[in-house]
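Observations on the model geometry
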Amino acid sequence: MPASTSLFTSDRERRLWFWALAVVVAIYSTLGLAGSLAEVLRARDLLPAAVLALMVLTVAAIVASGLKRRPGRREFWVVLGVLAVYAMAVLRMGGSPEERTHLFEYGIVAVLIYRALCERADNGRRVGVPALVALALAVVLGWLDEGIQALLPNRDYDVEDAVTNAVAAVIGIAGSALVARANARPGEASS
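For the structure given in this document, a descriptive report is provided here. (Residues numbered from 1 in each chain as written. Predicted model: local features only at pLDDT ≥ 70, side-chain atom pairs only at ≥ 80, totals over all residues. Heavy atoms only, no water.)

**Regarding the environment of Ala 136**
Following the sequence through the fold, Ala 136 ends up in helix H6 (residues 130-151). A relative accessible area of 41% places Ala 136 in the partly exposed class. For the pair formed by Ala 136 and Ala 166, sequence separation is 30 residues and the distance between their alpha carbons is 8.7 Å. (Helix = DSSP H or I, 4+ residues; strand = E, 2+ residues; numbered from the N terminus. Buried < 20%, exposed > 50% of the residue type's maximum accessible area, 1.4 Å probe, protein only.)

Structure, rendered in structure tokens:
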């Protein structure tokens, strides 16, 4: 099939969309179980460690998404900055530790969408501004998450969670873009 009629521009783009979809499905499919899982982790005194592990994995995913070559000193400082932003967001966020998972869920979703759109643009397809398109998609997905929760008996629609989802998307996309920019060679595109 000619590349111009293919849905995806590359295997990488296809994989990125697949993983974005897989993360969204995982988020939505566990909405009814999240409270039970949090209680199990809390009873075993593992909830703070789980939140910390999610933060580290999210920052690692953001960093890895922006790297095209071996990282150097600039990337190290960008990574520390992204880690500091996430740490401050986690520490300043009110509510229970499980509420903080929104930062990680939608940070990952946004980065996967952003990278898929960047790959698409790099391969000659018109995308507009990948960061803005990815942010819009992640915000809609986060809002839909809250809408689904409004229908569940043990969950509630929460505007603050929808805002947190959007903030997570901004942090993820900005972090990935900054790492890519720091990692780009002079004269090379940093998408």
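From this point on, the discussion continues.
**Notes on the packing of aromatic side chains**
Taken as a whole, this structure holds 2 aromatic pairs when the rule is applied. Plain terms: the ring middles of Phe 18 and Trp 19 are 5.3 Å apart, the flat faces sit at 75° to each other, and that makes the pair edge-to-face. By relative accessible area, Phe 18 is classed as partly exposed at 48%. Pairing Phe 76 with Trp 77 gives two aromatic rings, centres 5.3 Å apart and planes at 75°, and the pair type is edge-to-face. For Phe 76, a relative accessible area of 45% puts it in the partly exposed group. (Phe/Tyr/Trp six-rings, centres within 6.5 Å; stacked < 30°, edge-to-face > 60°.)

**A closer look at the packing of H6 against helix H7 (residues 159-183)**
The geometry of H6 relative to H7 is characterised by a closest axis approach of 9 Å and an angle of 150° between their N-to-C directions. Classed by the angle they form, the pair H6 and H7 counts as roughly antiparallel. Crossing angle aside, the handedness with which H6 passes H7 is right-handed. Across from Ala 131, Ala 134, Leu 135, Ala 138, Val 139, Gly 142 and Glu 146 in H6, the residues of H7 making contact are Asp 161, Ala 162, Asn 165, Ala 166, Ala 169, Val 170 and Ile 173. Split into classes, the residues belonging to the contact of H6 with H7 amount to 10 nonpolar, 2 polar and 2 charged. (Axes fitted to C-alpha atoms, helices over the stretch in contact; angles between N-to-C directions. Parallel < 35°, antiparallel > 145°, perpendicular 65-115°, else oblique. Left-handed = near helix turned anticlockwise from the far one by under 90°. Contact = heavy atoms within 4.5 Å. Nonpolar A, V, L, I, M, F, W, Y, C, P; charged D, E, K, R; others polar.)

**Some details on the pattern of salt bridges**
Tallied over the full model, the rule gives 4 salt bridges. Among the ionic pairs, Glu 13 bridges to Arg 120, the shortest N-O distance being 2.6 Å. Of this pair, Glu 13 sits in helix H1 (residues 11-29) while Arg 120 is found in helix H5 (residues 101-122), placing the two residues 107 residues apart along the sequence. Here Glu 13 falls in the buried class, since its relative accessible area comes to 0%. Under the relative-accessibility criterion, Arg 120 is labelled buried at 18%. Notably, a salt bridge pairs Glu 39 with Arg 42, separated by 2.8 Å at the nearest N-O pair. On the criterion of helical spacing, the pair formed by Glu 39 and Arg 42 is a turn pair, its members being 3 residues apart in helix H2 (residues 34-43). Judged by its relative accessible area of 46%, Glu 39 is partly exposed. (Salt bridge = Lys/Arg side-chain N within 4 Å of Asp/Glu carboxyl O.)

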